[in-house]
Amino acid sequence: MVFSHALKTPLPLCGALCLAFALAGAPALGATGHPSASRPASPALDSAALAVRAELNAVGAARFTAPDYKPGVVRHMVMFAFRPGTTAAQRAEVTRRFVALTTLSRRPDGKAVVASLETGAQSSGENADLGLEQGYLVTFASEGDRNFYVGRPIVTEAGCFDPAHDAFKTFAGPYLARVVVFDFTPAAPAAP
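*Asks:* Account for the nonpolar core, with residues named and values stated.
*Replies:* Judged by nonpolar contacts, the single largest core of 33 residues is most densely connected at Phe80, Val94, Phe98, Tyr149 and Val155. At the level of elements, α2 (47-59), α3 (61-64), β3 (71-82), α4 (88-104), β5 (134-142), α5 (143-150), α6 (163-172) and β6 (176-184) are the ones that each hand at least two residues to this core. Discounting residues that sit within four places of it in the chain, Val155 has contacts with Leu56, Ala61, Phe64, Thr65, Asn147, Cys160 and Phe161.

*Asks:* So what's going on with the confidence of the model for the protein? Which residues, and what values?
*Replies:* Within the protein, residue pLDDT values average 83, and 78% of them lie at 70 or more. Confidence over residues 1-39 falls short of pLDDT 50; this stretch has 89 contacts with residues more than four positions distant or in other chains.

*Asks:* Go over unusual backbone geometry with me, naming the residues and quoting the values.
*Replies:* With omega at 10°, the peptide bond leading from Arg152 into Pro153 counts as cis. With respect to the helices and strands, the residue Pro153 is situated in the loop between α5 and α6. Its identity as a non-glycine residue notwithstanding, Lys70 has a phi of 50°, on the positive side. With respect to the helices and strands, the residue Lys70 is situated in the loop between α3 and β3. Note on Lys70: relative accessible area 34%, which makes it partly exposed. Even without being a glycine, Asn127 presents a positive backbone phi close to 60°. By the element assignment, Asn127 lies in the loop between β4 (116-121) and β5.

Rules behind the numbers
Residues numbered from 1 in each chain as written. Predicted model: local features only at pLDDT ≥ 70, side-chain atom pairs only at ≥ 80, totals over all residues. Heavy atoms only, no water. Core = buried A, V, L, I, M, F, W, Y, C linked by side-chain atoms within 4.5 Å. Buried < 20%, exposed > 50% of the residue type's maximum accessible area, 1.4 Å probe, protein only. Helix = DSSP H or I, 4+ residues; strand = E, 2+ residues; numbered from the N terminus. Contact = heavy atoms within 4.5 Å. pLDDT = per-residue confidence, 0-100.

Structure below.
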């Protein structure tokens, strides 16, 4: 949860990060689950996106992206729907480059940003996948690591965002029809 300093109320973090991974030509799903027919204008910022930007402005980019900023596990779920006509080889290359971020995503001092990364093709038979085809689960050791990784459009200050992830977004964007990003800090696991 992110707390709005103005409202002192918890806000879900995922809305801000859905916007954060809006790739060129790959809109996040809207309320209906479908991108608009034409290329959409930048979506209005929701309350979580506004809160994250206010937090960034309050603490500054260097602190917001520091590895010790808000330590604790953060999960970053990313799901793609590919554009029609994207070949199997192109899809495989998108996934290969995404997975490569486990070693390529580094801070200026060389320290790794990603704690772990898992991927797989959609295989649920529940008919609730909204056309999403490939999923990724990226784990970070802190919100600062996640913030550094996500970078633009939230963090734009040079040296305060991951150039490898930024380059991946530029590469992958033309192949993607839709992108969904949902981040959360895991609650204590439930046991039977």
